[in-house]
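# Inside the fold
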Amino acid sequence: MNLVLYSGGFEKENISLDRKLLELADKENPSITYIPSCSYDSEIDFNDFIRHYRALGISRFIHFPVDIDFDETIKKEAFLSDIIHLSGGNTYYFLKHLRRKGMLKELKAFVKRGGVLTGLSAGAILMTPSICTAGFPEFDKDENEDNIKNLKAMNLVRFEFFPHYRNSKRYDSELIKHSKGLDRPIYACPDGSGIIVKEGTLAFEGKCFSFFQGKKVKIN
Amino acid sequence: MSVKCFRLKKIVEISYNYSCMGTPLKKFEKRKYSKFHQVNGKHALQKKCPESFVPYKARKRKGGKVAFFNFELAKEMGLIPKNHEHEMNGDLEEKILDTFSIVIINEYDIINDIEFPEEDILPNHYMATRYLQLQHPNKQGKTSGDGRSIWNGEIRHSGKTWDISSCGTGATRLSPATHIQKKYFQTGDPTISYGCGYSEIDEGLATLFFSEVLRKNGHQTERVLGIIEFSNGISINIRAHENLLRPSHMFNHLKQGNYEGLKDIVNFYIDKQVTNKVWTELPKTQKAQYRYFVDKQVEVFANLSADFEDDYIFCWLDWDGDNILMDGGIIDYGSIRQFGLFHHEYRFDDVQRYSTSIKEQKEKAKLIAKTFIQISEYLITGDREPLANFNDHRAMSKFDEIFERRKNENLLKKIGVATKEREYLLQSQFKFVTDFRKVFSYFERAKSAEGLHTVADGVNWNAIFCMRDILRELPQILLHRGSSIERSEFIDIIKSTYATYDDLEISSYRAKKIDEFQSLYWKLVSKLSRKFNREESDTLLQIMMRSSVINKYDRVTGDSISNIVEKVMKRRPKLGANELFQIMHEFSEYQNLDPDNKRTVKVKKSEHSKMMKGMLQIVREFREGI
């Protein structure tokens, strides 16, 4: 199982994670499918995405929004790519549409087949057991406008992911509070850092903190 | 000089923020809107074309409030300063109402000796312009024109003159109702609808949303400057454009054989195009100027008919030259539509007649262009020859030539070919592009076996293939696979929701067309790669990036605009002028399909108002409709 979880930030902040991703793909000119969290204006984000990865030598891309109707041909093509990237955005909205279109299962099968799945912020949270980390802290949470109750996500890893983390008291107190009720750690990463999962092994890129049963530990 | 300018600018900034040389801020705020004073009914046409309008005195109309104001357009026109916030304030609202909340004193008022307070009567005359309209009983335009509009005047800013006109300012003698019923109507008479001289806010909103989207996508159009709302959904819809003259403003004089009236209006139009720097190479002699006028108008109408066809814009063009502006701008959005697919059998039902179809627009545009030749020759020789005498005129062949070139150019644009590459293909590979267009048209024009049927406002025969979908997805998959897609996959991508099972059968002819389409697509990539010395994958990638914007999934149609307006109307009491401007701005930006537009996504998706979300849903739902 090969995954890359990006916290967020500007593209140039994520260059080292990108290089790790290309190592994982282990292929000259791998193809990438870009799944936006929301199709609204996603062609603009898609073009930015292309420009960034083109500079890293990738030239084959598929744009596959899931909150609109799509044909089987583009779906089939998307899942034939080497890497699938889940973009950032509203985690609840993204989960709703991935689930509605049966994509959670498809993505898990893709990972099982050896495909590399990457996600940024919301996209990364979706790889974990649940999207509960999207719901706090109060001052920086996603709005659950669609009132999604079932927060179960892909459960590809045994930790929760907290993106855009800032090493501050107000973030820490929220994370400590939430970690008390969980039997798995929450890994909190500031923008520019992230987690690489290669064949079940975790590697941390950049700063990363673990919040587990009420305690905070710096792990990288 | 530059130092002086800087100092002046500084003074303006200081005075803007505080006060200038003892001028109280309030007074300065008012001075910011002084340009509104120029919009007072006076228009150059009144002096130069005395036979082209009916003058009306006007009076203030009370009880209105500003429902919408187009801050961006007002800045372009110089009505408000460039640094003005996109927010309404008391002074601005007062100025808008003072300038535009007016109603004419019409024939009914005069005949019935209706008195109005003297202080409410405005000093100048406003004009209702005369033009030809096929729905009028008089087919020479003797009685037709602005039936419920007047021209507020003109304003000059940054080397451009803008015409401003308002719809819903009272019943004029030029409305069809007056001539059909042979009487003058009181403004607001509830016994008649169109002839009562009022307009409604939903008309203004439809024009607003549609015109801003079409403008962002490169079409000339009238624009909504503001909407003043009264009770019961009645409104004054203020529109502006650099030149609001229509061909029908000339055709009435032509039909009447009114040489002087025609000459005046043609000369007026030519002068304005030159003053506005739209025409830069006007010859010296009058004879040559009239020929130049023909060349320019032929160019405008050949290009617009190709553009309308390729952007699936249904605009009812006809022999009267109404429903369109001289410069090809769209006006009167009542029957304007943008289709999601090439529904080329759709006809609008106008009670007494069906409209032209989108495919017939070209011939109507050509007829209008031919009438310009007739006008020009009439003005040069003094003889009004029959229109048929100009069937073989050189300008008619030029029309076809321009039309064909534009059609090819539009296809390349839609595919995602960039400007420099397009130029090369149009210059050196014209036949190749034309061949591609033929196979493209085969799919674009395919219709459902279900046949002709009635729709809400006319008849249609559904198109079945969505060309935007294939143009968006094909380059991605070709690049991904490095080879063509299966025929069944081609149909899977291109099929629309209108297609029935039978419609999608891959006959041997259709199979051949699918193969031809892909083969030509690859050839196009190959030609461009060779010419511009690039890898084919790079060419495909560039096409793919452009195409993803040009052919984005969500694109407005006429039906979606109607539904969006309905939605806005329901929310209206809560939506003020500021909110409406923000929504319009965001919506038209979202519908900007120009791949060269440097746009960034500024608003976090989660922050979208419920209103915008609802509008997106509507666009999606009706994306393939009419």
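Residues numbered from 1 in each chain as written. Chains lettered and ligands numbered in written order. Predicted model: local features only at pLDDT ≥ 70, side-chain atom pairs only at ≥ 80, totals over all residues. Heavy atoms only, no water.

A count of helical and extended segments in chain B gives 22 helices and 14 strands. For chain B, the spread of C-alpha atoms along the three principal axes comes to 80 × 65 × 55 Å. For chain B, the proportion of its 626 residues judged to be buried stands at 59%. Looking at chain B alone, contacts between residues at least 24 apart form 73% of all its contacts between residues at least 6 apart. Per element, the accessible surface of chain B, about 26100 Å² overall, is 50% carbon and sulfur. Separation between the mean location of the 97 positive side-chain charges and that of the 87 negative ones in chain B comes to 4 Å. (Helix = DSSP H or I, 4+ residues; strand = E, 2+ residues; numbered from the N terminus. Buried < 20%, exposed > 50% of the residue type's maximum accessible area, 1.4 Å probe, protein only. Contact = heavy atoms within 4.5 Å. Areas by Shrake-Rupley, 256 points an atom, 1.4 Å probe, with all protein chains shown as cover. Lys, Arg positive; Asp, Glu negative; His and termini not counted. Charge placed at Lys NZ, Arg CZ, Asp CG, Glu CD.)

For the rest of this paragraph, the subject is the overall build of chain A. On a plain count of helices and strands, chain A comes out with seven helices and eleven strands. In terms of overall size, chain A behaves like a compact globule, its C-alpha atoms giving a radius of gyration of 16 Å where 220 residues would be expected to give roughly 17 Å. Expressed along its principal axes, the backbone C-alpha trace of chain A runs to roughly 45 × 35 × 30 Å. A total of 220 residues make up chain A; the buried ones form 59% of that total. For chain A, contacts bridging at least 24 residues in sequence account for 73% of all contacts bridging at least 6. (Rg over C-alpha atoms; globule rule 2.2 N^0.38 Å.)

Moving on to the sheet that holds strand 8 (residues 194–198) of chain A. Residues and elements named next belong to chain A. Here we have seven strands laid out as an open sheet, ordered 3-2-4-5-1-8-9, and mixed in their pairing. Of all strands in the sheet, those bounded by a partner on one side alone are strand 3 (60–63) and strand 9 (201–205). Sheet twist, expressed as the mean angle between neighbouring strand axes with direction ignored, is 15°. Across four bridges, the pairing between strand 2 (residues 31–35) and strand 4 (residues 83–86) is parallel. When the bridges of strand 4 are listed, Tyr34 appears paired with His85. (Pairing = 2+ DSSP bridges. Axes fitted to C-alpha atoms, helices over the stretch in contact; angles between N-to-C directions.)

A word on the pattern of salt bridges. Residues and elements named next belong to chain B. Taken as a whole, this structure holds 64 salt bridges over all chains when the rule is applied. In this structure, the salt-bridge partner of Glu444 is Lys414, at a minimum N-O distance of 3.6 Å. Of this pair, Glu444 sits in helix 15 (residues 430–444) while Lys414 sits in helix 13 (residues 394–415); the two residues are 30 residues apart in sequence, bridging distant segments of the chain. The exposure class of Glu444 is buried, given its relative accessible area of 4%. Judged by its relative accessible area of 13%, Lys414 is buried. Salt bridges sharing partners connect three or more residues here, namely Glu222, Arg239, Arg246, Asp322 and Asp332. (Salt bridge = Lys/Arg side-chain N within 4 Å of Asp/Glu carboxyl O.)

Attention now moves to the side chain of Glu345 of chain B. All names here are of chain B. Looking at the element boundaries, Glu345 is found in the loop between strand 11 (337–338) and strand 12 (347–348). One polar contact links Glu345 to Lys447, side chain to side chain, over a distance of 2.9 Å. Beyond its immediate chain neighbours, meaning those up to four positions away, Glu345 contacts Lys359, Lys447, Leu452, Val459, Asn460 and Trp461. (Polar contact = N/O pair within 3.5 Å; in protein donor to acceptor, adjacent residues only side chain to side chain.)

The next subject is the packing of helix 15 of chain B against helix 18 (residues 508–531) of chain B. All names here are of chain B. Interhelical geometry of helix 15 versus helix 18 gives an angle of 140° and a closest axis separation of 10 Å. Helix 18 is crossed by helix 15, and the crossing has left-handed handedness. Residues Phe432, Asp435, Phe436, Val439, Phe440, Tyr442 and Phe443 of helix 15 form the contact with helix 18, whose participating residues are Tyr509, Arg510, Lys513, Ile514, Glu516, Phe517, Leu520, Tyr521, Lys523, Leu524 and Lys527. In terms of residue class, the contact of helix 15 with helix 18 is built from twelve nonpolar, no polar and six charged. (Left-handed = near helix turned anticlockwise from the far one by under 90°. Nonpolar A, V, L, I, M, F, W, Y, C, P; charged D, E, K, R; others polar.)

This brings us to the interface of chain B and chain A. Of the residues lining the interface, 28 residues belong to chain B; the matching set on chain A comes to 32 residues. Summed over the shared surface of chain B and chain A, the result is seven salt bridges. Between Arg54 of chain A and Asp538 of chain B there is a salt bridge, with its nearest N and O atoms 2.8 Å apart. Here chain B is connected to chain A by 14 residue pairs in polar contact (both at pLDDT 80 or more). Its residues placed into classes, the side of chain B that touches chain A shows twelve nonpolar, five polar and eleven charged.

Let's shift gears to unusual backbone geometry. Of all residues except glycine, most have a negative phi; of all peptide bonds, most are trans. Backbone torsion omega between Phe136 of chain A and Pro137 of chain A reads -5°, so that peptide bond is classified as cis. Looking at the element boundaries, Pro137 of chain A is found in the loop between helix 6 (122–125) and strand 6 (160–162). A positive phi is found at Asn29 of chain A, a non-glycine position, where the angle reads about 50°. Position of Asn29 of chain A among the secondary structure elements: in the loop between helix 1 (15–25) and strand 2. Since its relative accessible area comes to 26%, Asn29 of chain A is described here as partly exposed. Here Val351 of chain B, not a glycine, exhibits a phi torsion of approximately 65°, which is positive. In this fold, Val351 of chain B is placed in the loop between strand 12 and helix 12 (361–381).

This next bit is on the confidence of the model for chain B. When pLDDT is averaged across chain B, the result is 92; 94% of the residues are at 70 or more. Between residues 1–22 of chain B, whose pLDDT stays under 50, and residues either more than four places distant or in other chains, the model counts 14 contacts. (pLDDT = per-residue confidence, 0-100.)

Bringing the sheet that holds strand 7 (residues 186–188) of chain A into the picture now. Residues and elements named next belong to chain A. Spatially, the four strands line up as an open sheet ordered 6-7-10-11, and their pairing is mixed. In this open sheet, the two strands that pair with only one neighbour each are strand 6 and strand 11 (215–218). Adjacent strand axes in the sheet meet at a mean angle of 25°, parallel and antiparallel pairs treated alike. Taken strand by strand, helix 7 (residues 169–180) contacts strand 6, strand 7, strand 10 (209–212) and strand 11, and its axis lies near 45° from that of strand 10.

Judged by nonpolar contacts, the single largest core of 110 residues is most densely connected at Phe69, Leu225, Met250, Val266, Phe293, Ile375 and Phe587 of chain B. The biggest single contributor to this core is helix 11 (residues 286–310) of chain B, with ten residues. For this core, the domains that each give at least three residues are domain 2 (33–391) and domain 4 (558–621) of chain B. Leave out the neighbours within four places in its chain, and Phe69 of chain B touches Phe36, Ala74, Ile80, Met88, Leu92, Ile96, Leu225, Gly226 and Phe581 of chain B. Counting residues in hydrophobic clusters, the runner-up holds 109 residues, among them Leu107 of chain A together with Tyr312, Leu479 and Ile494 of chain B. (Core = buried A, V, L, I, M, F, W, Y, C linked by side-chain atoms within 4.5 Å. Domains from an automatic or database assignment.)

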